[in-house]
Amino acid sequence: MSKTAKIILWVLLIYFAAILIKNWYDYRVKTIDEAIGFNLDSVYKIEILKDGQSNVTENEEKIKELTRWLREYKYRMNSHLKGRVDFSYYAINFYCHDKNGFVAFDEKDNKNIIIINGYTYEIVDGPIEDSYLQRFWQSIK
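The notes below deal with the structure included here.

Analysis parameters
- Residues numbered from 1 in each chain as written.
- Predicted model: local features only at pLDDT ≥ 70, side-chain atom pairs only at ≥ 80, totals over all residues.
- Heavy atoms only, no water.
- Phe/Tyr/Trp six-rings, centres within 6.5 Å; stacked < 30°, edge-to-face > 60°.
- Helix = DSSP H or I, 4+ residues; strand = E, 2+ residues; numbered from the N terminus.
- Buried < 20%, exposed > 50% of the residue type's maximum accessible area, 1.4 Å probe, protein only.
- Lys NZ or Arg CZ within 6 Å of the ring centre and 35° of its normal.
- Salt bridge = Lys/Arg side-chain N within 4 Å of Asp/Glu carboxyl O.

Inspection of the entire model under this criterion finds six aromatic pairs. Residues W69 and F105 carry aromatic rings whose centres are separated by 5.7 Å and whose planes lie at 55° to one another, so their mutual orientation is tilted. Taken together, the residues W69 in helix 3 (residues 60-71) and F105 in strand 6 (residues 100-105) connect sequence positions 36 residues apart. Here W69 falls in the buried class, since its relative accessible area comes to 4%. Where Y90 meets W137, the ring centres are 6.3 Å apart and the plane angle is 70°; that geometry is what we call edge-to-face. Taken together, the residues Y90 in strand 5 (residues 90-95) and W137 in helix 4 (residues 130-139) connect sequence positions 47 residues apart. For the residue pair Y90 and W137, the accessibility class agrees, reading buried in each case. Pairwise contacts between aromatic rings join W69, Y73, F105, Y132 and F136 into one cluster. Here the guanidinium or amino end of K30 rests over the ring plane of Y25, the centre of that ring lying 5.8 Å away. Of note, K45 hangs over the ring of Y95, and the distance from its end group to the ring centre comes to 4.9 Å.

We now examine the pattern of salt bridges. Following the criterion strictly, the structure yields five salt bridges and no others. With a shortest N-O distance of 2.9 Å, D33 and R71 are connected by a salt bridge. Of this pair, D33 sits in helix 2 (residues 32-36) while R71 sits in helix 3, placing them 38 residues apart in sequence. Residue class for D33 comes out buried when judged on its relative accessible area of 18%. Where E65 meets K62, a salt bridge forms, and the shortest distance between an N and an O atom there is 3.6 Å. Pair noted here: E65 and K62 are both in helix 3, with a separation of three residues, about one helical turn. Linked through salt bridges whose partners overlap, the residues forming this network are D33, D41 and R71.

These results come straight from atomic positions and should not be treated as a statement about function.
The structure is reproduced here in structure tokens:
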């Protein structure tokens, strides 16, 4: 085998290995902090949207309560395709000083799915406790 062929073969092997490693990293089981891309302890404000209505809180205890609840679950990416968020979903926007992110839950049809920053994730140890979202929504009105 010529030297050029060996170099091309090595480049192809490295390229495919990099793709496999990236896919393994993207599709592994993650915490909410890893999935959203920042530590939720740095959140200073949350906004919850449901049926076109918005509730906002900057109460630290309420933010900690919600992040503790989200950290009880583990998440695995389903697809690199962006998920569609319906107005009937609970959409939660997290505001940090340097980053923002959102999660959305379909409380009616598919309680094992969460959309995080637009990407569809499966809740590994789900389904979610949807009554918690309703109680939390009411508590910050």
